[in-house]
Number of protein chains: 2
Amino acid sequence: MDGYNYLLSLCVILLSTKIFSILSRRAQLPQVVGALMAGLFFGPAVLGAITEHFLGFQFCLHPSPLLSTMAELGVIVIMFTAGMETNIEELQASGKVGFAVALMGVVVPLVMGAGLMYFFDENVTFASAVFVGAVLTATSVSITVEALKELGRMSTKVGNTILAAALIDDILGLICLTLVTGVAGGDVNIALVCVKIVGFFLFVGIAGLAYYRAMVWSDRVQAERNLRRYPVMGFAFCLFMAWAAEVVFGVADIIGAFAAGMIIAMSPKGQYIASKFDTIAYLLLTPIFFANIGLEVTLPKMSYELVAFTAAMVIVSIISKLGGCGLGAMLCGLSRRQSYQIGLGMVCRGEVALIVAGKGMAMNLINEEYLGPIVIMIIVCTIVTPIFLKGAFKGADEAGNTIFEDAFMVADQADEIAEDMFHRRSLLFQQTYGGE
Amino acid sequence: MDGYNYLLSLCVILLSTKIFSILSRRAQLPQVVGALMAGLFFGPAVLGAITEHFLGFQFCLHPSPLLSTMAELGVIVIMFTAGMETNIEELQASGKVGFAVALMGVVVPLVMGAGLMYFFDENVTFASAVFVGAVLTATSVSITVEALKELGRMSTKVGNTILAAALIDDILGLICLTLVTGVAGGDVNIALVCVKIVGFFLFVGIAGLAYYRAMVWSDRVQAERNLRRYPVMGFAFCLFMAWAAEVVFGVADIIGAFAAGMIIAMSPKGQYIASKFDTIAYLLLTPIFFANIGLEVTLPKMSYELVAFTAAMVIVSIISKLGGCGLGAMLCGLSRRQSYQIGLGMVCRGEVALIVAGKGMAMNLINEEYLGPIVIMIIVCTIVTPIFLKGAFKGADEAGNTIFEDAFMVADQADEIAEDMFHRRSLLFQQTYGGE
């Protein structure tokens, strides 16, 4: 019967993320924070530790292959919808600023992270110090995207700059990791990595053109009125692009999903397709994504020295991204407020930091005791970013916020009315045409 | 990188089920048949066998724990939505007929299946013969439900009778399996099974009342206009009921999901919740459910005698259900046409047949060579049922069909208009309040 316990896990995840979201909204925090806390609370880190202490065994939600795969699917859908909501012209317009932001956002954390290592351990090798710096370089943009969506700031100049910078950051991060591994004597071929990245962009162009043509053709040929095929085809395209990005080109799957979203938004029926992923996201995949982040946290036991290192690392990770990216934005002529918002949006770290750390440990460049500080750094950045982001966007335009929420409500109500109409028609049909 | 291949599998499943559905619709077959064929074709049974023959290895989709879990989630959502669309009064009204249909639909296949064994093997023991009969008793209603939805006949008298009969059939099947295992000397306690079944119905009543009260309270207290919580809470309730049914009471999880659906439909915001599961079903879970059925098929090599037995078993399985259930319906005064439709709707067999067979093999009552015939019987019944169902409903009321499709279109269009309104408002908002 154990094979059915995933049903209970999903039930607890859906309920707890929703309740914690509502609570954090009441506390004027972004809902994303609540969803993250739910996984942390019901997972091994809090509930598991408490029950283990008092009952002798862990009575809590546990991470599982199913949950982590569905969480991965969740982040793919988040980035896919972000792609569909992105205005390509604005993104292009933000490209130059984005590049400056991303570059500064990689260089500053790299240098500061390496400096941190030299400060705490005088005997550290250059390769080790640079590797710890590399851990701090990769931004994880999905939390920021969800927070910006919640604040209704996804399609703003700031939002677009963050997106552009995050995309470039991912690519710089790949190159950076390759360089650092090369410095440390790994067997990675930097030329190959660059060829693959260029190949990926070519591939996106070709796939985009093919999808666009196929949709135009389908739109012209299909006299049928059944629209369901479009979201299905769009989702299949997204999954294919995510797979190709990760497996064929070595770029992150979420970049492939994002590119698929942008292509779909520019193709026929793009708006219709975009409208269909809202439900699947909030009803199943997004809660699993957020809860799973919290679930996978296990807090290690640490020495006092390591606690001090952790605190320093958290501060360095936040300040270096905020400062580096903000500086990059200011150099490109953005206002202080906008630069602050952009810098904040780039603070979030994610699983890439763990991947880099894992690689460093495999190469004996990072000591295993640093895994704890890195995990805590990711948690703090993840929770802090949406909270500060909300603050950074507050005040300036309360009215805008309300209007956006209104717009949401209008769509929701129209939705309900449409369903109601549909229901009445089918009732009418039954009454008119009898039970059979 | 293998960890990402599930993305490609999902992509192929979505595309192939959609394309095969469209093709089977063009061929005047129900779309469900296309979706089933897609899994069969791209799975080990066809593409795998072909590639193994020509390339020396299987190049095809493979069943995986992830796919089968998501397929299970798919059938839960199918039965959950069926529950939400079910009119409880009509179901109660169909209860008596349903009981007669289910009883005849268990007794006739049991007797005919046992007879089949005696015909093919004179030396078979009574326990073995009865066990093979028991394999034929359990109806798998989800394929029928999906086919009826597609035909727009879910909420008809015939649809309700099939649902009622299928629910009772599941319970009779449990009792039957217990009895047969008892006859064969197993260690199952029939009194305990009955207590659990009664307990389950009590539990449904209590949980239903609790959910209803909670929703009424929530509806009164909540001044907020955010509606998203309702589908989330509803889905969590569904998952909990499915888990409780399976793990606590030993009833099938889909019965729990169905009960949850009925409870939600009667509670506040039920109609709104029901409207939200359409997308999640057709965009992700239902295609996986259908494709997975086909994927899990592996065709065994069989002797000529076994082929004859298979053919006989397929015929007996169809005729016994159709005859038994149809007779039950006719005895209760339904028309010949309705009885035929009901009998057909009950023909589908599913994983329960395999579970019973597995139990029989574990008890050395069923020879392993009979697994092949049973698998083929399930496939044929699964594919044949929706095809015949469509034929059985055709002709009498073409007009009704068209009107239903129209109603679907109206809802779809209203949906699109609502989304369009929403999109324009946010554009307007951006233009009015600036980029930030």
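Residues numbered from 1 in each chain as written. Chains lettered and ligands numbered in written order. Predicted model: local features only at pLDDT ≥ 70, side-chain atom pairs only at ≥ 80, totals over all residues. Heavy atoms only, no water.

Colleague: Talk me through the overall build of chain A; I want residue IDs and the actual numbers.
Modeller: Helix and strand content of chain A: 19 helices and 0 strands. Looking at the 436 residues of chain A, the share that counts as buried comes to 57%. In chain A, the proportion of contacts linking residues at least 24 apart, taken out of those at least 6 apart, comes to 78%. (Helix = DSSP H or I, 4+ residues; strand = E, 2+ residues; numbered from the N terminus. Buried < 20%, exposed > 50% of the residue type's maximum accessible area, 1.4 Å probe, protein only. Contact = heavy atoms within 4.5 Å.)

Colleague: With reference to specific residues and values, describe the packing of helix α15 (residues 304-331) of chain A against helix α18 (residues 371-393) of chain A.
Modeller: Each pair of packed helices gets described by two things: the angle between the helix axes and the distance between those axes. All names here are of chain A. Contact geometry of α15 with α18 gives a least axis separation of 9 Å together with a crossing angle of 40°. Considered as vectors, α15 and α18 are oriented oblique to each other. Crossing angle aside, the handedness with which α15 passes α18 is right-handed. The segment α15 lies against α18, with Leu306, Phe309, Thr310, Met313, Val314, Ser317 and Ile318 engaging Pro373, Ile374, Ile376, Met377, Val380, Cys381 and Val384. Considering only residue class, the contact of α15 with α18 consists of 12 nonpolar, 2 polar and no charged. (Axes fitted to C-alpha atoms, helices over the stretch in contact; angles between N-to-C directions. Parallel < 35°, antiparallel > 145°, perpendicular 65-115°, else oblique. Left-handed = near helix turned anticlockwise from the far one by under 90°. Nonpolar A, V, L, I, M, F, W, Y, C, P; charged D, E, K, R; others polar.)

Colleague: Which residues make up unusual backbone geometry, and what are the values?
Modeller: Even without glycine at this site, lysine 269 of chain A takes up a positive phi of about 65°. With respect to the element layout, lysine 269 of chain A can be found in the loop between α12 (253-266) and α13 (270-275).

Colleague: With reference to specific residues and values, describe the confidence of the model for chain A.
Modeller: Taken residue by residue, chain A gives an average pLDDT of 83. The fraction at 70 or more is 88%. With a pTM of 0.81, the predicted complex shows an ipTM of 0.80. (pLDDT = per-residue confidence, 0-100.)

Colleague: Can you explain a nonpolar patch on the surface? Please cite residues and give values.
Modeller: A surface patch of nonpolar side chains, about 590 Å² in accessible area, is lined by Ile50, Phe54, Leu55, Phe57 and Phe59 of chain A. Judged by relative accessible area, leucine 55 of chain A falls into the exposed class, the value being 52%. (Patch = residues over 30% accessible without salt bridge, like charges linked within 9 Å, V, L, I, M, F, W, Y side chains within 5 Å. Areas by Shrake-Rupley, 256 points an atom, 1.4 Å probe, with all protein chains shown as cover. Salt bridge = Lys/Arg side-chain N within 4 Å of Asp/Glu carboxyl O.)

Colleague: Give me helix α1 (residues 5-26) of chain B: which residues, what numbers.
Modeller: Think of an α-helix as turning once every 3.6 residues; residues three or four places apart then point the same way. Helix length check: α1 of chain B, at 22 residues, gives a terminal C-alpha distance of 32 Å against a target of 32 Å (1.5 Å per residue), a fit within 8%. Directly after α1 of chain B, the chain includes glutamine 28 of chain B, whose backbone phi takes a positive value near 65°. (Expected span 1.5 Å × (residues − 1).)

Colleague: Go over the environment of methionine 377 of chain A with me, naming the residues and quoting the values.
Modeller: Residues and elements named next belong to chain A. Following the sequence through the fold, methionine 377 ends up in helix α18. Overall, the relative accessible area of 0% leaves methionine 377 in the buried class. Each C-alpha atom, one on methionine 377 and one on alanine 311, is 8.3 Å from the other, the two residues being 66 residues apart in sequence. For methionine 377, the contacting residues outside a window of four places in its chain are Val135, Leu136, Met313, Val314, Ser317 and Arg349.

Colleague: Got a sec to walk through the packing of aromatic side chains? Specific residues and values, please.
Modeller: Residues and elements named next belong to chain A. Enumeration according to the criterion identifies 32 aromatic pairs over all chains in this entry. Aromatic rings pair up to connect Phe200, Phe201, Phe203, Phe240, Trp243 and Phe249 into one cluster. Note that lysine 269 overlies the ring of tyrosine 230, its terminal NZ or CZ placed 5.6 Å from the centroid. (Phe/Tyr/Trp six-rings, centres within 6.5 Å; stacked < 30°, edge-to-face > 60°. Lys NZ or Arg CZ within 6 Å of the ring centre and 35° of its normal.)

Colleague: Explain the pattern of salt bridges to me, using residue names and the numbers behind them.
Modeller: Pairing is possible between side chains that carry opposite charge, provided their charged atoms lie close to one another. For the structure on display, the rule yields 6 salt bridges over all chains. For the salt bridge of aspartate 169 of chain A with lysine 321 of chain A, the shortest nitrogen-to-oxygen distance reads 2.9 Å. One end of the pair, aspartate 169 of chain A, is in helix α9 (residues 157-183); the other, lysine 321 of chain A, is in helix α15, and 152 residues separate them in sequence. For the residue pair aspartate 169 of chain A and lysine 321 of chain A, the accessibility class agrees, reading buried in each case. We note a salt bridge from arginine 228 of chain A to aspartate 278 of chain B, for which the minimum N-O separation is 2.9 Å. You can see arginine 228 of chain A sitting in the loop between α10 (190-221) and α11 (229-248) and its partner aspartate 278 of chain B sitting in helix α14 (residues 277-295), one on each of two chains. Under the relative-accessibility criterion, arginine 228 of chain A is labelled partly exposed at 22%.

Colleague: Describe the nonpolar core, with residues and values.
Modeller: Counting 211 residues, the largest nonpolar core has Phe235 of chain A together with Phe235 of chain B as the members making the most contacts within it. Contacts of phenylalanine 235 of chain A, omitting those with residues within four sequence positions, involve Val77 and Phe277 of chain A together with Leu14, Leu283 and Leu284 of chain B. (Core = buried A, V, L, I, M, F, W, Y, C linked by side-chain atoms within 4.5 Å.)

Colleague: Before we move on, could you go through the side chain of serine 275 of chain B and cite the residues and values that matter?
Modeller: Turning to its location among the elements, serine 275 of chain B is positioned in the loop between α13 (270-274) and α14. Among the polar contacts made by the side chain of serine 275 of chain B, one reaches the main-chain carbonyl oxygen of tyrosine 272 of chain B at a distance of 2.6 Å. (Polar contact = N/O pair within 3.5 Å; in protein donor to acceptor, adjacent residues only side chain to side chain.)

Colleague: Which residues make up the side chain of threonine 137 of chain A, and what are the values?
Modeller: All names here are of chain A. Examined against the element boundaries, threonine 137 turns out to sit in the loop between α7 (126-135) and α8 (142-151). Look at threonine 137 and you get buried, because its relative accessible area is 3%. A polar contact is formed between the side chain of threonine 137 and the backbone oxygen of alanine 134, at a distance of 2.7 Å. Once residues lying within four places of it in the same chain are set aside, the contact partners of threonine 137 are Gly105, Val106, Pro109, Leu110, Asp169, Cys176 and Lys321.

Colleague: If you had to explain the environment of lysine 196 of chain B to someone new, which residues and values would you point to?
Modeller: Residue and element names in this part refer to chain B. Note that lysine 196 resides in helix α10 (residues 190-221). We classify lysine 196 as partly exposed; its relative accessible area is 31%. Expressed as a C-alpha distance, the spacing of lysine 196 and isoleucine 255, which sit 59 residues apart in the sequence, is 14 Å.

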